[in-house]
2 protein chains.
Amino acid sequence: MKRYEELAELVAADIRSGQRLPGSRLPSIRTLTAQHGISPSTAFQAYYRLEEKGLVRARQRSGYFVTSAVALPAVPATLAAPAPAKVAAKVDISALVFTVLGAAQQRDIVPLGSALASPELFPLRRLAKSLTAGTRQAQPWESVQHLPQGSASLRQQIAQRYLALGMAQPADELVVTSGALEALNLCLSAVAQPGDLIAVESPGFYASLQALERLKMKALEIPAHPQHGMDLDALEQALKRHPVKACWCMTSFQNPTGASLSAERKQRLVALLAARQIPLIEDDVYGELYFGPQAPLPAKAYDQHGLVMHCSSFSKTLAPGYRVGWVAPGRFGERITQLKLMTTLGASLPAQAALSDYLQHGGYDKHLRRLRHTLESQQASLVAAIARYFPANIQLSQPGGGYFLWVEFAPGFDTLALHQQALAQGISIAPGPMFSARQSFSNCIRLNYGHPWDARMEAAMATLGTLAKNL
Amino acid sequence: MKRYEELAELVAADIRSGQRLPGSRLPSIRTLTAQHGISPSTAFQAYYRLEEKGLVRARQRSGYFVTSAVALPAVPATLAAPAPAKVAAKVDISALVFTVLGAAQQRDIVPLGSALASPELFPLRRLAKSLTAGTRQAQPWESVQHLPQGSASLRQQIAQRYLALGMAQPADELVVTSGALEALNLCLSAVAQPGDLIAVESPGFYASLQALERLKMKALEIPAHPQHGMDLDALEQALKRHPVKACWCMTSFQNPTGASLSAERKQRLVALLAARQIPLIEDDVYGELYFGPQAPLPAKAYDQHGLVMHCSSFSKTLAPGYRVGWVAPGRFGERITQLKLMTTLGASLPAQAALSDYLQHGGYDKHLRRLRHTLESQQASLVAAIARYFPANIQLSQPGGGYFLWVEFAPGFDTLALHQQALAQGISIAPGPMFSARQSFSNCIRLNYGHPWDARMEAAMATLGTLAKNL
């Protein structure tokens, strides 16, 4: 065994034994060389080795950290098995969602159940500057000329971001929307009718279930793995058996689990659907919040038939409250533009002008790099707190981006009761039944690490842990 | 006959003979006293008398003008007869609407067919100031706390405007939306299902028909008089015969005719529907653009059962492109708030902050007074041009506000052909079939007087007149 391998083994043993907690910082290269009398390059090699094994993770300019979920298996066995798809005759997302969302809006409640990251993570002052600059240049006639597709200059900026991913997406095909949520609703209306069957992930984003409920469509729930995303074997089986009209999938850093489809699985998803001419509504609002070295490509990158409608927004990455999203609609552009004209006509102009100016001059990529590091570090803190306070027999996902993770308690555990007890103590969590038309996942919760880690968070996690152990 | 009566008769004769054209300015009080050797009070009495008869109209600080449509009967006989309501099995608003709207967006086309007033009529610079001021004060957490009902301070400002009309409308019931169009769509979704029957005006706003088409509801077209609005006898008959789920009505300065329901008829409409517990979706986006001395009260003012959903916006009166509207939802507030949360989550914050600041400090009422005068004067110019250039056998509405009027040509006249010929000459008009699910009103057009009157307008009207005479 080489010197660096020995050192790697030592550190790995500390991690496995729990002496080094998930998310904790490892000794710097300088410390390591001093402690062990080795060269910096040996120390680096040891950490590279541990990184390869998935035990540690490097953060730019911050050093090495124990990987978040190493102490806890990331794969809940109950979800890994490709279960057959379930048809919900009628989608009925209950008052639960509204209760949880309502609680998350109150600042005196600890926002572990929130759907949003802390607004303090976003460059609101810099955006306000862009608002002034962008509106100063605005001409009166722009309010008319950009309807309904949205500001031409903003669409050009968005097209450039696709180009940076290697995707040629013409600006004049894009439709700017009132947030991604409107984009997703428009896509559904564009390709399906009341009564139609839509394949969705389970667990999945409740807003997709609510949209189906509102449009009188039916959810075909396809099991999704909390680490690897939608079960494509199950989807394939379901497509053979059911007349699926469209598929709605959050392909990267999914809400609620944080799961991502790998590049290969995205390709397979696109191919599976294309073989049957079924449109894919791709919800990619967290795609920019990746922790790895590379931006994940969306499924849209593999679309050869214009069947993928790629929906995203600036709400999760830059400007919450501005309500500016978009869709790259593939072959459904005309219908979506018409629907936009019929429903909200156009997105708000000042917000579009501000974002267009900010994307040109504001330093979006720099902001994103900072935001990703912050979220990754907050994930580490949350995972460490879970390890510290929660019962031992849980499993959790290990998202490579976004700001949600998924905790699965032992079978039979009642997270609705936990939710109520936690709320009584001023803590919000998002119980699993919010994320299924059949109200499954009653032993799971979604936790949000999009808020600065502080003593209040730590105390809330301790309280949650105690409540969970007593339930 | 008293002196002032003699004078009034003289002027009336000039008007009837065509010596004084609709919309033209009458001699000032000072000129009249000098010309006729009478006292100012006699001159005033003469004008009062003419005003009572509807022949002249006073404009604050501008003197007296010949009433717009006096030379042309305002009541098309074909529409005055209460025809039975017609059920459209399926609403299918064709590509026509998109063609007409598309043309109206091009600045080199004369916008007589546009749905919008000139953006130059709005205080965009002052609004940009409010955008800067309103956003400077904004706190990060506002982006969360105001979801989904919208900015509390903006809702307070809107509630104060209701109060000024004598209506007590609590701010915390209001829901801010992405323009009135979203409000109207939410209202429909809140009270009706696919397949349900909705009573609408005919002719009516195409967006209401498009919304029904999108939501798979059916339009029950109730004849509407181009001057007096929806035929309430026809509505009453229809309600007895059909299971109507809701009624959608533009109660003041209707699009496309400019018609308004009188206060008495608004009361009757509310009572008719309340007797059957049928909700009224009141579209009141032009209500602030009245030319008379008093703001017309909306039907909502007579609502005792929370059945009226009053929808309005700032798009027609202050801030086109900002996409901020609202609904006072009566008893349907909870459902509408939930639907808002499911569709676009919230309205754009910068626009809300700007409007809230503007309503407090920007001088909205002063702007509105100026805008009303401008529109009234532009209406007079349009009516004068119609009298000058159009065939004699037409009829037209005489709106007391807004910026649309309705021209009815002789039966059999083909306004779709006129539309095409006009477009080839760079002139847009809105042909009647846009405003009916059954594509009726093929001998009618809607004209927009929301744009500054200039030589290009005058020339376009001359061209239209020639085309119409040759058709």
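Keep in mind it's a predicted model, so treat the numbers as computed, not measured. (Residues numbered from 1 in each chain as written. Chains lettered and ligands numbered in written order. Predicted model: local features only at pLDDT ≥ 70, side-chain atom pairs only at ≥ 80, totals over all residues. Heavy atoms only, no water.)

## Here we look at the overall build of chain A
- Along the backbone of chain A there are 17 helices and 15 strands.
- Here the C-alpha radius of gyration of chain A, 23 Å, is about what a compact globule of 471 residues would show, namely 23 Å.
- The buried share of chain A, taken over its 471 residues, is 62%.
- Counting contacts in chain A only where the partners sit at least 6 residues apart, residues at least 24 apart contribute 75% of the total.
- Carbon and sulfur atoms provide 51% of the accessible area of chain A, an area that totals close to 17,200 Å². (Helix = DSSP H or I, 4+ residues; strand = E, 2+ residues; numbered from the N terminus. Rg over C-alpha atoms; globule rule 2.2 N^0.38 Å. Buried < 20%, exposed > 50% of the residue type's maximum accessible area, 1.4 Å probe, protein only. Contact = heavy atoms within 4.5 Å. Areas by Shrake-Rupley, 256 points an atom, 1.4 Å probe, with all protein chains shown as cover.)

## With respect to helix α16 (residues 415-424) of chain A
All names here are of chain A.
- Of all the residues in α16, the buried ones are T415, A417, L418, H419 and A422.
- Its buried side turned inward, α16 meets α5 (95-104), β14 (430-431), β15 (444-448) and α17 (455-470).
- N-capping of α16 is provided by D414, with a side-chain oxygen placed 3.0 Å from the backbone N of L416. (Polar contact = N/O pair within 3.5 Å; in protein donor to acceptor, adjacent residues only side chain to side chain.)

## What to know about the pattern of salt bridges
All names here are of chain B.
- In the structure shown here, the tally under the stated rule is 24 salt bridges over all chains.
- The shortest N-O distance in the salt bridge between R107 and E120 comes to 3.8 Å. Placement of the pair is R107 in the loop between α5 (95-104) and α6 (124-136) and E120 in the loop between α5 and α6, with a sequence separation of 13 residues.
- The class of R107 is partly exposed, set by a relative accessible area of 43%.
- The class of E120 is partly exposed, set by a relative accessible area of 47%.
- Note that D233 and R268 form a salt bridge whose closest N and O atoms lie 2.8 Å from each other. With D233 in helix α11 (residues 232-241) and R268 in helix α12 (residues 263-274), the pair connects residues that are 35 residues apart, well separated along the chain.
- Judged by relative accessible area, which is 43%, D233 ranks as partly exposed.
- Of the residues examined, R268 reaches a relative accessible area of 30% and is grouped as partly exposed. (Salt bridge = Lys/Arg side-chain N within 4 Å of Asp/Glu carboxyl O.)

## Observations concerning the state of the cysteines
- The tally for this structure, following the rule as stated, stands at zero disulfides over all chains.
- Distance from the sulfur of C444 of chain A, which forms no disulfide, to the nearest cysteine sulfur (C249 of chain A) is 18 Å.
- Here C187 of chain B is not cross-linked by a disulfide; its sulfur's nearest cysteine counterpart is in C311 of chain B, at 3.7 Å. (Disulfide = S-S within 2.5 Å.)

## So, the interface of chain B and chain A
- With 47 residues of chain B at the contact, the number on the chain A side is 48 residues.
- Summed over both partners, the interface of chain B with chain A buries about 4,800 Å², with 67% contributed by carbon and sulfur atoms.
- Taken as a group, Q105, W141 and M342 of chain B account for 16% of the area that chain B buries against chain A, more than any other trio of residues on that side.
- Viewed at the interface, chain A and chain B are joined by eleven residue pairs in polar contact (both at pLDDT 80 or more).
- Counting only elements with at least two residues in the side of chain B that touches chain A, the list comes to α5, α6, α7 (142-145), α9 (179-191), α10 (206-214), α13 (333-343) and α14 (349-361) of chain B.
- A class-by-class count of the residues in the side of chain B that touches chain A yields 24 nonpolar, 17 polar and six charged. (Buried area = accessible area lost by both parts, 1.4 Å probe. Nonpolar A, V, L, I, M, F, W, Y, C, P; charged D, E, K, R; others polar.)

## A word on empty space enclosed by the protein
- Within this structure, the stated rule accounts for 13 cavities of 30 Å³ or more.
- One number sums up the size of the largest cavity: a volume of about 530 Å³.
- What lines the largest cavity is a set of 33 residues, among which A115, L116 and K316 of chain A together with L147 and L345 of chain B lie closest to the centre.
- Secondary structure elements with two or more residues in the lining of the largest cavity: α5, α9 (179-191) and α10 (206-214) of chain A together with α7 of chain B.
- Per-element accounting of the lining of the largest cavity gives the leading share, four residues, to α9 of chain A.
- Roughly 390 Å³ of volume is contained in the second largest cavity.
- Looking at the lining of the second largest cavity, the elements with two or more residues in it are α5, α9 and α10 of chain B.
- In terms of residue class, the lining of the second largest cavity is built from 17 nonpolar, six polar and three charged. (1 Å grid on protein atoms, 1.4 Å probe; cavity = no way out; pocket = protein on both sides within 12 Å on 5 of 7 lines; lining within 4 Å. Points joined across faces, edges and corners; volume = space filled by probe spheres on them.)

## Overview of the sheet that holds strand β13 (residues 404-408) of chain B
- Read from one edge of the open sheet, four strands run β12-β13-β15-β14 (chain B), paired in antiparallel fashion. Each end of this open sheet is capped by a strand with a single partner; those strands are β12 (395-396) and β14 (430-431) of chain B. (Pairing = 2+ DSSP bridges.)

## What about the relation of the copies chain B and chain A?
- If you rotate chain B by 179° and push it 0.0 Å along the axis, it lands on chain A with an RMSD of 0.2 Å. Classification of the inter-copy transformation places it as that of a two-fold axis. Closest to the rotation axis within chain B is the C-alpha of T132 of chain B, separated from it by 2.9 Å. (Least-squares fit on C-alpha atoms with pLDDT ≥ 70 in both.)

## As for the domain arrangement of chain A
Residue and element names in this part refer to chain A.
- Splitting chain A by domain gives domain 1 (3-67), domain 2 (89-120 + 367-470) and domain 3 (123-364).
- Once you take the C-alpha centre of each, domain 2 and domain 3 turn out to be 25 Å apart.
- In this assembly, 35 residues from domain 2 lie in contact with 34 residues from domain 3.
- For the pair domain 2 and domain 3, the two sides together bury roughly 3,000 Å², of which 60% comes from carbon and sulfur.
- At the surface where domain 2 touches domain 3, the tally comes to two salt bridges.
- We note a salt bridge from E288 to R372, for which the minimum N-O separation is 3.4 Å.
- Linking domain 2 to domain 3 there are 15 residue pairs in polar contact (both at pLDDT 80 or more).
- Those elements that place two or more of their residues in the side of domain 2 that touches domain 3 are α5, α15 (364-389) and β13 (404-408).
- Here the side of domain 2 that touches domain 3 gets seven residues from one element, more than from any other, and that element is α15.
- Of the residues assigned to the side of domain 2 that touches domain 3, the class counts are 22 nonpolar, eight polar and five charged. (Domains from an automatic or database assignment.)

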